[in-house]
Amino acid sequence: MMSILSLHIIPGLRLVLLVLLALLFFAQKPKAYSQDSSSRGDFENSLEMRFTEVDGARVLFSIWETRVKDYRLFVNETKRGWSDPGIIQDNNHPAVMVSWEDATQFCRWLTDKEVTAGRIQEGCRYRLPTSAEWSLAVGLKTPDYTDTNALLQGPSQTEFPWEGGWPPSEKAGNYHPDLGCDSFPTTAPVGSFSPNQFGLFDMGGNVWEWCSDSFKNSIDFRVLRGASWRMRSPGDLLSSIEIGNVGHIRLSTYGFRVVLELGDKISVGDLIQAETSAE
Ligand SMILES: [Ca+2]
């Protein structure tokens, strides 16, 4: 078949055609959000929540804790109540006063919303991470991330979400003011500190993050990870620390981060293609 470049056309017109072809090629490239210095993220959803891959995990992680503006949309559309946390927050702070049950409902709402809109395919779903997935995302070095008990022993007892061990360096994260590593009296806007090796922010501090797991096999208690802006003791700030509380409690130190689970035959590339065609 004759290539367009082999057509007998005047040189000036050929140049114009080449430029048009180049523009067409780049216009059709899948749209991932820009690879800025803050993240290597792969997918941006309809709420402008950004997701990225974590080595070893079969889900995409939100690079941020779920923000006030994300959760407010859910509250408004579902006409739910949402208690005042009693602290000053803007749209980019992590949503707090959110129970495990609220967070789980948020994930279901978002899944339905995006499947209906064609933003994600059937078979994909948003959910809370498991504690084991969260361990991978915080960067715990362990040969078997599915063994939560193993994570709580050995080398993990000296691993923190920041480099360099105890005490935390300046700007290591949003922790208790006594540690002197940040200037935020309570929560901080997500992304205020450096991301970790996967491009995830606030894996240590800001707010505790609900995980999907039951805590110590209790039906009522659920796992939280990562510590908060009120924590200051070394044991509470370990990457491996896991606490539990009843799933209906709402505190100004508790929030959540969602993951996007892909269906068996769905890749990140498929998501981006769907994102592109939905526009
Ligand atoms: Ca956190």
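(A) Fine view of the overall build of the protein. Within the protein one finds seven helices and nine strands. Sequence-distant contacts, at least 24 apart, represent 63% of the contacts inside the protein between residues at least 6 apart.

(B) Representation of the pairing of strand E6 (residues 221-225) within the structure. Most of E6 sits inside the fold, with four of its five residues counted as buried. Of the pairings in the sheet, the one linking strand E5 (residues 208-214) to E6 comprises three bridges and is antiparallel in character. Across the sheet, residue Trp-210 finds its bridge partner in E6, namely Leu-224. Sheet analysis places E6 next to strand E7 (residues 242-246), joined by five bridges and oriented antiparallel. For Val-223, the partnering residue across the bridge sits in E7 and is Gly-244.

(C) Structural detail: the confidence of the model for the protein. When pLDDT is averaged along the protein, the result is 84; 77% of the residues meet or exceed 70. Confidence over residues 1-9 falls short of pLDDT 50; this stretch has three contacts with residues more than four positions distant or in other chains. Confidence drops under a pLDDT of 50 for residues 21-40, and excluding neighbours within four residues, the segment shows 23 contacts in the predicted structure.

(D) Just the sheet that holds strand E8 (residues 254-256), in detail. A sheet is described by the order of its strands in space; here four strands give the open sequence E7-E6-E5-E8, paired in mixed fashion. On the outer flanks of this sheet lie E7 and E8, each paired with one strand and no other. If you compare each strand with its neighbour and ignore which way they point, the axes differ by 50 degrees on average.

(E) Inspection of the nonpolar core at higher detail. Within the largest apolar cluster, 62 residues are counted, with the highest numbers of intra-cluster contacts made by Phe-61, Val-98, Ala-103, Ala-137, Trp-210 and Leu-260. The set of elements that each furnish at least two residues to this core consists of strand E3 (59-62), helix H2 (68-78), helix H3 (100-116), helix H4 (131-138), E5, E6, E8 and strand E9 (259-261). With residues near it in sequence (within four places) discarded, Ala-103 still touches Val-98, Leu-128, Trp-210 and Phe-256.

(F) Looking closely at H2. Every buried residue belonging to H2 is among Val-68, Asp-70, Tyr-71 and Phe-74, and all of these are buried. Angularly, the buried residues of H2 cover 165 degrees about the axis, an arc narrow enough to put them on a single face. Summarising the geometry of H2, the exposed residues directed more than 90 degrees from the buried face are Asn-76 and Glu-77. Buried residues along H2 sit against H3. The first or second residue beyond H2 is Lys-79, which carries a positive phi of 55 degrees.

(G) Quick peek at the environment of Ile-63. If you trace the backbone, Ile-63 turns up in the loop between E3 and H2. Judged by the 26 C-beta atoms lying within 10 Å of it, Ile-63 is buried. Put simply, Ile-63 and Asp-202 are 139 residues apart on the chain and 8.6 Å apart in space, counted from C-alpha to C-alpha.

(H) Broad picture of the sheet that holds strand E4 (residues 125-127). Read from one edge to the other, the open sheet built from five strands follows the order E1-E2-E3-E9-E4, with strand pairing classed as antiparallel. Either end of the sheet is taken by a strand with one partner, and the two such strands are strand E1 (43-44) and E4. Strand direction decides the pairing type here: E4 and E9, joined by three bridges, are antiparallel. Of the residues in E9, the one forming a bridge with Arg-125 is Glu-261.

(I) The pairing of E5, seen in detail. In terms of burial, E5 is largely enclosed, as five of its seven residues are buried. Bridge count between E5 and E8: three bridges; the pairing is parallel. Within E8, the residue paired with Trp-208 across the bridge is Tyr-254.

(J) Structural detail: unusual backbone geometry. In the segment running from Trp-166 into Pro-167, the intervening peptide bond is cis, with an omega of 0 degrees. You can see Pro-167 is positioned in the loop between helix H5 (148-151) and E5. Positioned with a positive phi, Asn-217 is a non-glycine residue whose angle comes to about 65 degrees. For Asn-217, the position within the fold is in the loop between E5 and E6. Judged by the 7 C-beta atoms lying within 10 Å of it, Asn-217 is exposed. Not every positive phi belongs to a glycine, and Ala-227 is a case in point at roughly 65 degrees.

Cut-offs and rules
Residues numbered from 1 in each chain as written. Predicted model: local features only at pLDDT ≥ 70, side-chain atom pairs only at ≥ 80, totals over all residues. Helix = DSSP H or I, 4+ residues; strand = E, 2+ residues; numbered from the N terminus. Contact = placed C-beta atoms within 7 Å. Buried ≥ 20, exposed ≤ 12 C-beta atoms within 10 Å, placed from the backbone. Pairing = 2+ DSSP bridges. pLDDT = per-residue confidence, 0-100. Axes fitted to C-alpha atoms, helices over the stretch in contact; angles between N-to-C directions. Core = buried A, V, L, I, M, F, W, Y, C linked by C-beta atoms within 7 Å. Arc of directions from axis to C-beta.

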